[in-house]
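Okay, here's what each chain looks like letter by letter:
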Amino acid sequence: MTPEQAAWFSETFARLVANVEKVLLGKTAVIRLGFVALFSEGHLLLEDFPGTGKTSFARAMAQSVRGTSNRVQFTPDLLPGDITGVSIYDQRSGAFDFHRGPVFANIVLADEINRASPKTQAALLEVMEEGRVTVDGVTHPVSAPFMVIATQNPIEQAGTYRLPEAQLDRFLMKASIGYPDHASTLRILEGAGTKAHDVTVPEIVTSEVVIDMAGLARTVHVDPSINDYVSRLVDATRSTTEVRLGASVRGALALVRAAKTFAAANGRHYVVPDDIKMLVEPVLAHRLVLDAEAEFDGVTASSIISQILIETPPPTDRQAV
C-alpha cells in the first residue's frame, strides 16, 4: 500500500462510518470496529442488551456498501437447514433444487446466536471460515463480501447454549454497542415517529470496492518487531495463571489482520504498536477461557488483557516503522 492509497482508504472508511452513524447515533467506536472486521474479512460478535440497535447497525452497513442483509432469529427449534438452505425434490424436473437459506447475503445478522442448539450453531462454522456451505455433498459459495454479525444477550441465560471455544475463535472480534448517551437519546426520541426499518442510508461504495479495499488492507506493512510484539502478547495470555485456555494462533493472525485494516483506516500504510494496543482487547478477550476460581473472584478477560498490556513492553518507534 502506498501513502496515497492509505489516504484514500482512510477517507472512504471515514465516509462509511459517518454514514452508519446517522442510524447508530453516538457509537463511532463500535461502527469503526464493524468496518475493520468487514475489511479484514472477519466476523463480529456483539454481546449486548435488547433494543440497542444491532439490527439497524447490520442493515445500515449493508446499505452503505450496496449489499444484501438478512436477519436470522436463533431459537432452540432452529435447524441447520433453516440457515444454510435445503434441497427440495422437484417432481416435474425429477431433480433436487437447492433453496438458499438466509446465510446467502453480504451481511448476516445472527440474532441471539446462543439460543440455538450446538448443532445449529455449528452450521455457521464452515461458512464463516471458508465462505461456502455444503448441503447434500454439494458446495455452494456465498456472496462476497461476506460477514456475520452475531449477537448474544448478556442476561437471561436460562435456555441458552454457550458458544463453544471453536466457534468463538471464528469471530475476528467481540464488541458491545451499549446504550446511547443523553444527547444521542434525545436525537433518537425526536425521530420517534419513524419506524427503525423505514430508515435508510445512502450507498457510499459498491461491494466490488469493498473487496478491493480488503485486498488493499492486506498489503499494509507489518514490521517484524510488531509481529514479535503480537507473539509476546499471545504467549502471555497462555502463561497467565488465571487463564485455562489462552489465545490461539488464529487469534494472533486475526490481531495482525485487524491491525492492518485499522492502520489503513487511520491513513497509514504501516502498523504501529498503538494499533495493536487498541485492538488487542476486542480481538483476543473473547478467545480466553478463564479458570473457574478466577471467574469466581471477579477476574475478567478484559482485566487480564489490560494487565498483559502493562507487563508486555511494545517495540520502540524506531523498531516498529
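Heads up: these notes are all about the structure in this document. (Residues numbered from 1 in each chain as written. Predicted model: local features only at pLDDT ≥ 70, side-chain atom pairs only at ≥ 80, totals over all residues. Heavy atoms only, no water.)

## Overview of the layout of surface pockets
Of the voids in this model, the largest pocket is the one considered here, and its volume is about 760 Å³. The wall of the largest pocket is formed by 28 residues, among which E47, Q152, K174, A285 and H286 lie closest to the centre. Listed by contribution, the elements that provide at least two residues to the lining of the largest pocket are α6 (165-168), β9 (173-175), α11 (273-284), β11 (289-290) and α13 (301-311). (1 Å grid on protein atoms, 1.4 Å probe; cavity = no way out; pocket = protein on both sides within 12 Å on 5 of 7 lines; lining within 4 Å. Points joined across faces, edges and corners; volume = space filled by probe spheres on them. Helix = DSSP H or I, 4+ residues; strand = E, 2+ residues; numbered from the N terminus.)

## What to know about the packing of aromatic side chains
The full count for this structure, using the stated rule, is six aromatic pairs. Relative to F39, the ring of F9 has its centre 5.6 Å away and its plane inclined at 65 degrees; by these criteria the two rings are edge-to-face. Residue F9 is found in helix α1 (residues 3-20), and its partner F39 is found in helix α2 (residues 28-39); the two are separated by 30 residues along the sequence. Judged by relative accessible area, which is 0%, F9 ranks as buried. Taking the centre distance of 6.2 Å and the plane angle of 25 degrees together, the rings of F35 and F39 count as stacked. Highlighted residues: F35 and F39, both in helix α2, separated by four residues, approximately one helical turn. (Phe/Tyr/Trp six-rings, centres within 6.5 Å; stacked < 30°, edge-to-face > 60°. Buried < 20%, exposed > 50% of the residue type's maximum accessible area, 1.4 Å probe, protein only.)

## What about the nonpolar core?
In this structure, F9, F35, F57, M61, M173, I276 and L279 are the most contacted members of the largest nonpolar core, which totals 71 residues. Tallying contributions element by element places helix α10 (residues 249-265) first for this core, with 10 residues. Counting 23 residues, the second largest nonpolar core, distinct from the first, contains L78, I83, V108 and A150. (Core = buried A, V, L, I, M, F, W, Y, C linked by side-chain atoms within 4.5 Å.)

## Focus on the pairing of strand β7 (residues 138-141)
Where strand β6 (residues 132-135) lies against β7, four bridges are found, and the strand directions are antiparallel. Within β7, the position partnered with V133 by the bridge is H140. Connecting the antiparallel pair β6 and β7 is a turn made up of two residues, with D136 showing a positive phi of about 55 degrees. (Pairing = 2+ DSSP bridges.)

## Brief notes about α2
The terminal C-alpha atoms of α2, which comprises 12 residues, lie 16 Å apart, in line with the 16 Å expected from a rise of 1.5 Å per residue. Taken across its 12 residues, α2 has nine buried, putting it largely inside the fold. Regarding α2, the residues found buried are V30, I31, L33, G34, F35, V36, A37, L38 and F39. One or two steps after α2, the chain reaches E41, where phi turns positive at roughly 60 degrees. (Expected span 1.5 Å × (residues − 1).)

## Digging into the environment of M1
Along the polypeptide, M1 turns up in the segment before α1. Along the sequence, M1 and T219 sit 218 residues apart, while their C-alpha atoms lie 5.4 Å from each other.

## Regarding the sheet that holds strand β8 (residues 147-152)
A sheet is described by the order of its strands in space; here five strands give the open sequence β2-β5-β8-β1-β9, paired in parallel fashion. Pairing within the sheet leaves two strands with one partner each, and these edge strands are β2 (69-73) and β9. Taken pair by pair, the neighbouring strands of this sheet meet at an average axis angle of 20 degrees, ignoring direction. The pairing of β2 with strand β5 (residues 107-111) spans five bridges and is parallel. The residue bridging V72 from the neighbouring strand is A110, located in β5. In the packing of α2 onto the sheet, contacts are made with β1 (44-47), β8 and β9, and the angle to β9 comes to roughly 160 degrees. (Axes fitted to C-alpha atoms, helices over the stretch in contact; angles between N-to-C directions. Contact = heavy atoms within 4.5 Å.)

## Considerations on the environment of E208
Assignment of secondary structure puts E208 in helix α8 (residues 207-217). Residues E208 and A144, 64 residues apart in the sequence, show an inter-C-alpha distance of 8.4 Å.

## Details of unusual backbone geometry
A cis amide bond, omega 0 degrees, links A144 with the succeeding residue P145. Positive phi outside glycine occurs at E41, with the angle close to 60 degrees. You can see E41 is positioned in the loop between α2 and β1. Phi is positive for R66, close to 50 degrees, though the residue is something other than glycine. Tracing the backbone through its elements, the reader meets R66 in the loop between α3 (54-64) and β2.

## Comments concerning the pattern of salt bridges
One pass over the full model with this rule turns up 14 salt bridges. R218 is the salt-bridge partner of E41, the closest N and O atoms lying 2.7 Å from each other. With E41 in the loop between α2 and β1 and R218 in the loop between α8 and α9 (224-239), this pair connects stretches of sequence that are 177 residues apart. Exposure remark for E41: the relative accessible area of 47% places this residue in the partly exposed category. Residue D111 pairs with R71 through a salt bridge whose shortest N-O separation is 2.9 Å. A residue pair is termed long-range when its members are at least 10 positions apart, and D111 in strand β5 and R71 in strand β2 qualify at 40 residues. Judged by its relative accessible area of 9%, D111 is buried. (Salt bridge = Lys/Arg side-chain N within 4 Å of Asp/Glu carboxyl O.)

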